[in-house]
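# Close look at the chain arrangement
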Amino acid sequence: MPDKSATLILFGATGDLAHRMVFPSLYHLQCDGLLPRPFHILASGRTEMDDAAFRATIAEALKTYAAAELFDDARVAAFLDTVIYCPVAAGDDAQFAALAERAKALGDGPVAVYLSTPPSLFAPTAEGLAKAGLVAPTTRIAMEKPIGKDLASSREVNDAVGALFHEEQIFRVDHYLGKETVQNLMALRFGNRLFEPLWNSSAIDHVQITVAETVGLEGRVSYYDGVGALKDMVQNHMLQILSIIAMEPPARMDSTSVRDEKVKALRSLRPMNADTVHTHSVRGQYRDGAVKGKLVAGYAEELGKPSDTETFVALKAHLDNWRWTGVPFYLRTGKAMPNRQSEILIQFKPVTHSIFRRNGYHKPLEPNQLIIRLQPDENIRLCIMAKQPGLDRDGVKLQEVGLDVSLAHAFEGERRRIAYERLLLDLIEGDTTLFVRRDEVEAQWTWIDSIAAGWRASGQKVVQYAAGTWGPSAGIALIERDGASWYD
Ligand code: BG6
């Protein structure tokens, strides 16, 4: 077991993500006694302020974002005592030197660094740390997505950071991997004998992955415009989910075995081109409408100018490998949808022969479905055929019924943790299993670039959909052409 980091340097500490997720997660870990003792957080941002002023902002953030059952003035005060603020601007060597001095005064154990900054600052920050003598073989560095905006730029970032840190020291964050529900996909597949023999093209007709959000832009226009749903959601979160659904069983639950299998699945994604994007992808952008009864302004209206950025994307993906040949993976994600809902549907094939035909009665059997709901509530539902009660004079009548497992009920009493709690603890303890390896990021970008290039070459534009609907009708046609339909 690697040594734990007793010091965490957090860049971007004044930002929204730090306030909503990182500090509350660290606070929860501290309350549960999971952080090393002593533990120090060196928080850094561009704004000049002293420790007391910064701690006051974190106290406010904890009031809003910490779990109510853990909130307690004495514990908050003890937590804030571990926080030191150090203003640092990228490129300012003197400020990096001052940061290093404060870090070294806290001890000489392994340091963990968390970059919760815009990606353009990843390389300059890593360089500033190295110049200040803060990069040792035991230093760990975590980076938020997005790593680049395409394969070439992701390579630049990875090369710059990789010149100073070995791959085992780099923790690329995809917060979906910190979600219990996403980790549970592995438990479901590899902790049960039941599914694995059927988990392939002989029994599975197709797979659907939906990540629908009710939120719209939420003041993130400057980041989002020009990026869009393909790069914001599919490139990372959805492809990580897909890789866990599609991968071969790893030999062990360790960082190398798991990531080796995920990357093989990602590399088998069939690239798209200017011809195939027409039939295999749909781009949408929401216009004004109503989500859950609230009026929502259209994307372009909120942006203040017309835009060709997609807020919805639907894709039909193929994995060219032995297990999945002929099994389409339909992916769909969008903003301003009717419900917040992340779900995976495994659609099984029909039985090969129905024995339930008699006296002209031959109601078709519904093929089995496995529905894994990731959020908002965690639920697994297996739809099976059951006999309808009755005397069956016209033949046995069957009806679909669901076997439901609500994980919230099954694990009642367990606090559902923020995804970042798990990821921060793994960073502090040096376990990279739930972080994205460089080759995974590159395989993800390779496929995404093929789609983006196909859109550019074919001039495929966004299609409008009303906010509060399930996207443009072309998104529905994408799957219905194949005789299937989205599971809503
Ligand atoms: C982020 C995206 O990575 O994930 C956001 O940039 C998106 O656009 C968010 O809203 C969704 O995360 P979650 O945990 O709310 O599903």
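Residues numbered from 1 in each chain as written. Predicted model: local features only at pLDDT ≥ 70, side-chain atom pairs only at ≥ 80, totals over all residues. Heavy atoms only, no water.

## A look at the overall build of the chain
Keep this limit in mind: Note on conventions: DSSP H or I runs of at least 4 residues are helices, E runs of at least 2 residues are strands, and numbering of each starts at the N terminus. It is over C-alpha atoms that the radius of gyration is taken, and the globule rule equals 2.2 Å times the number of residues to the power 0.38. Classification of residues uses two cut-offs on accessible area relative to the type maximum, computed with a 1.4 Å probe and protein chains only: under 20% is buried, over 50% is exposed, and between them is partly exposed. By the convention used here, residues are in contact when the closest approach between their heavy atoms is within 4.5 Å. Computed by Shrake-Rupley with a 1.4 Å probe, the accessible areas treat only the displayed protein chains as cover when residues are assessed.
When helices and strands are tallied, the chain shows 16 helices and 17 strands. The globule rule puts the C-alpha radius of gyration for 488 residues at 23 Å, and the 24 Å found for the chain is close to it. Projecting the C-alpha coordinates of the chain onto the three principal axes gives extents of approximately 85 × 50 × 45 Å. Expressed as a percentage of its 488 residues, the buried residues of the chain come to 53%. Long-range contacts, defined as pairs at least 24 residues apart, comprise 78% of the intrachain contacts of the chain with a sequence gap of at least 6. As displayed, the chain offers around 21,500 Å² of accessible surface, 54% of which is attributable to carbon and sulfur atoms.

## Focus on the side chain of Ser342
Position of Ser342 among the secondary structure elements: in strand β13 (residues 341-348). When near neighbours in sequence (up to four residues on either side) are disregarded, Ser342 contacts Tyr176, Thr210, Val211, Ile372, Arg373, Leu374 and Gln375.

## Description of the site of the ligand
Applied cut-off: Residues are labelled near a given molecule or strand when at least one of their non-hydrogen atoms is within 4 Å of it. Two N or O atoms form a polar contact when they lie within 3.5 Å of each other; inside protein one atom must be a possible hydrogen donor and the other a possible acceptor, and for residues adjacent in sequence the pair counts only when both atoms belong to side chains. Classes in brief: Ala, Val, Leu, Ile, Met, Phe, Trp, Tyr, Cys and Pro nonpolar; Asp, Glu, Lys and Arg charged; the others, Gly included, polar.
All residues in the neighbourhood of the ligand are listed as Lys145, His175, Tyr176, Lys179, Glu213, Arg220, Asp232, Met233, His237, Lys335, Arg340 and Gln375. Side-chain polar atom of Asp232 to an oxygen atom of the ligand: 2.6 Å apart, as the coordinates give it. Surface burial for the ligand is 80%, taken as the share of its 400 Å² of free accessible area covered by protein chains. Of the residues forming the shell around the ligand, the biggest block, three residues, is contributed by helix α9 (residues 228-246). Of the residues belonging to the shell around the ligand, the class tally is two nonpolar, three polar and seven charged.

## Comments concerning helix α5 (residues 122-131)
Residues spaced three or four apart along an α-helix point in a common direction, a consequence of the helix completing one turn every 3.6 residues. Among all positions of α5, only Phe122, Ala123, Thr125, Ala126, Gly128 and Leu129 are buried. Taken together, the buried residues of α5 touch β1 (7-11), α4 (93-105), β4 (111-115), β5 (140-143) and α6 (151-162).

## Some points on the UniProt feature "binding site: substrate" (unreviewed entry) in the chain
Definition in use: UniProt positions are given in the numbering used here, feature names are shortened, and annotations may be inferred rather than shown by experiment.
Residues given the UniProt feature "binding site: substrate" (unreviewed entry) here are His175, Lys179, Glu213, Asp232 and Lys335. By the secondary structure assignment, His175 is in the loop between β6 (170-172) and α7 (180-190). Those residues in contact with His175 that lie beyond four places of it in its chain are His237, Ala419, Tyr420 and Leu423. Within the secondary structure layout, Lys179 lies in the loop between β6 and α7. Filtering out sequence-adjacent residues up to four positions away, Lys179 remains in contact with Arg340, Gln375 and Ala419.

## Comments concerning the pattern of salt bridges
In plain terms, the rule: A carboxyl oxygen of Asp or Glu within 4 Å of a side-chain nitrogen of Lys or Arg is what we treat as a salt bridge.
All told, the structure shown has 35 salt bridges when counted by the stated rule. Salt-bridge contacts for Arg252 lead to Asp254; the nearest nitrogen and oxygen are separated by 3.3 Å. Accessibility expressed as a relative area gives 54% for Arg252, which makes it exposed. Asp320 serves as the salt-bridge partner of Arg270, at 2.8 Å between the closest nitrogen and oxygen. Remark: Asp320 occurs in the loop between β11 (312-317) and β12 (329-334) and Arg270 occurs in the loop between α10 (255-267) and α11 (276-280); sequence separation between them is 50 residues. Classification of Arg270 as partly exposed rests on a relative accessible area of 39%. By relative accessible area, Asp320 is classed as partly exposed at 40%. Here the residues in one salt-bridge network are Asp32, Arg415, Arg417 and Glu421, joined through shared partners.

## Some words on helix α16 (residues 473-480)
To keep it simple, the criterion reads: When we speak of the arc, we mean the arc of directions from the helix axis to the C-beta atoms.
Those residues of α16 that fall on the buried side of the exposure criterion are Gly475, Leu478 and Ile479. Down the axis of α16, the buried set is contained in an arc of 80°. They therefore lie on one face.

## Some details on the sheet that holds β12
As a reminder, the rule being used: A pair of strands is labelled paired if DSSP reports no fewer than 2 bridges between them. Axis definition: a line fitted to C-alpha atoms, over the contacting stretch in the case of helices. Angles run 0 to 180 degrees between N-to-C directions.
Spatial ordering of the open sheet is given by β16-β15-β14-β13-β7-β12-β11-β8-β17, a layout of nine strands whose pairing is mixed. Of all strands in the sheet, those with a lone pairing partner are β16 (398-406) and β17 (463-466), marking the two edges. Averaged over all pairs of adjacent strands, the angle between their axes in this sheet comes to 20°, without regard to strand direction. Bridge count between strand β8 (residues 281-287) and β17: four bridges; the pairing is parallel. Counted as the bridge partner of Arg287 is Ala466 from β17. With respect to the sheet, α7 is in contact with β13, β14 (369-375) and β15 (379-387), its orientation differing from that of β14 by roughly 150°.

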